[in-house]
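Each chain is listed here by its residues.
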Amino acid sequence: MQIIEIQTATGKHSKIFTGEDFTDFQNHLPAQNVVIIIDENIFDLYRDFFKKFQCIKIQATENNKTLKTVENIILKLIELQADRSTFIVGVGGGITCDIAGFTASVYMRGLPFGFISTSLLSQTDASIGGKNGVNCCSLKNMIGTFNQPEFVICDINMLDTLPEKEFICGMSEIIKIALIKDAVMFDFIEIKTAMILKRDKKILQELITKSIRHKVEIVGCDEFDKGERRILNFGHTLAHAIEPNDGSPHGFAVSIGIMFAAKISQHFGFISTVDVMRIKNLLSAFGLPVRTDIDDEILFKTLISDKKRNDGGINFILLNKIGEATEKNIEIDVFKTLISTFK
Ligand SMILES: NC(=O)c1ccc[n+]([C@@H]2O[C@H](COP(=O)([O-])OP(=O)(O)OC[C@H]3O[C@@H](n4cnc5c(N)ncnc54)[C@H](O)[C@@H]3O)[C@@H](O)[C@H]2O)c1
Ligand SMILES: [Zn+2]
């Protein structure tokens, strides 16, 4: 087991355990009284273990990541007489962790919480860093909090039950972190693609731990998303416009967004054609999509209602080179043309 710690400027201390058995989660509970908010799919898969706890089951879909779901959970928490002494544990992928973290942050002005993170995408990204949010009017993560969980447990064995499509979605966030932070990691993923697809545990453990360490480093410098943390949005500007329009899973939309951002990085002279090809080949090797058929106008309209618009332009994350990101403000009109050309 490895422990990666996040110490934030606000004094919050969060521990991420990789290689930990999820059934040991009670060792990390600071309180007796626990309520588990759990993805119903995970509950069904691991019923024998979770049935002995007070569980609130949720349907982990993007359409369900709403204030209505939060309200329903809150009604159940009231029924269970959850109070300030209650500890909330979110069990599931990114959707469940987002919903559970947000609900715990607002119920009675905030209860302590932790996560058992069950998907590759949430173990490497979504459950790490203290952003918890829900969607609103089909806009992604419009309502949310910055609040660190007390702990995150990443049990690699839980990935055995993860459907293939969800597994490769997780790979898209892992490739993202390599592209913005770690050229050696990018090479490693290229070399080990076949082993990764076979879910080789040693290699996966290494990738998960590396991804977490990079994210923790970024979050440690910028807990509230004012500067450095924005590089994590690499690939996400377009992704957030794709998801509500064709219902693509997050990882698929991010893959298309990565490809789009890579082509724009080349367009502005930052990276080479060879780099763009390497990125395309790697995403494709994992079966990830690299382009979208959504109408340009529809994409653009959704994109400009998203929250990363600034100074009359779009703050867009590009690659300086593989392993290093940079931010550029792109004028709205220019951006519109880029969408038509490179989406
Ligand atoms: N808060 C953040 O910083 C942050 C960062 C990245 C992504 N996100 C959010 O994360 C969400 C995507 O996360 P996700 O891909 O984990 O989605 P998810 O929670 O929907 O999980 C994907 C699917 O896999 C299933 N699943 C999860 N773990 C499983 C397991 N061990 N075995 C079998 N099935 C399993 C789930 O039931 C679900 O059907 C998006 O809503 C995105 O906005 C948040
Ligand atoms: Zn993401």
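Each remark here, short or long, concerns the structure printed above.
Everything in this summary refers to the structure shown in the same document. (Residues numbered from 1 in each chain as written. Chains lettered and ligands numbered in written order. Predicted model: local features only at pLDDT ≥ 70, side-chain atom pairs only at ≥ 80, totals over all residues.)

In this section: the pairing of strand β5 (residues 86-92). For β5, the tally of buried residues reaches seven of seven residues, placing the bulk of the element in the interior. Of the two faces of β5, both are covered, the one formed by Thr86, Ile88, Gly90 and Gly92 as well as the one formed by Phe87, Val89 and Val91. Pairing between strand β3 (residues 33-39) and β5: six bridges, direction parallel. In the sheet register, Asn33 faces β5, and the bridge partner there is Thr86. (Buried ≥ 20, exposed ≤ 12 C-beta atoms within 10 Å, placed from the backbone. Helix = DSSP H or I, 4+ residues; strand = E, 2+ residues; numbered from the N terminus. Pairing = 2+ DSSP bridges.)

Near ligand 1 lie 32 residues; those nearest to it are Asn41, Gly93, Gly94, Ile95 and Ser119. Within the residue set of the shell around ligand 1, elements represented by two or more residues are α1 (40-45), α4 (94-106), α5 (120-126), β8 (139-146), α6 (164-181) and α11 (250-267). Considering only residue class, the shell around ligand 1 consists of eleven nonpolar, 13 polar and eight charged. Residue contributions to the shell around ligand 1 reach at least three from each of two domains, namely domain 1 (2-161) and domain 2 (165-342). (Near = placed C-beta within 6 Å. Nonpolar A, V, L, I, M, F, W, Y, C, P; charged D, E, K, R; others polar. Domains from an automatic or database assignment.)

On to the pairing of strand β11 (residues 313-321). Examined bridge by bridge, β11 and strand β12 (residues 324-331) share eight bridges and lie antiparallel to one another. Its bridge partner lying in β12, Lys321 is registered against Glu324. Here β11 hands over to β12 after two residues, with Gly323 in that stretch at a positive phi of 100°.

Let us now look at unusual backbone geometry. One non-glycine residue, Gln81, adopts positive backbone phi at about 60°. Topologically, Gln81 is positioned in the loop between α3 (67-79) and β5.

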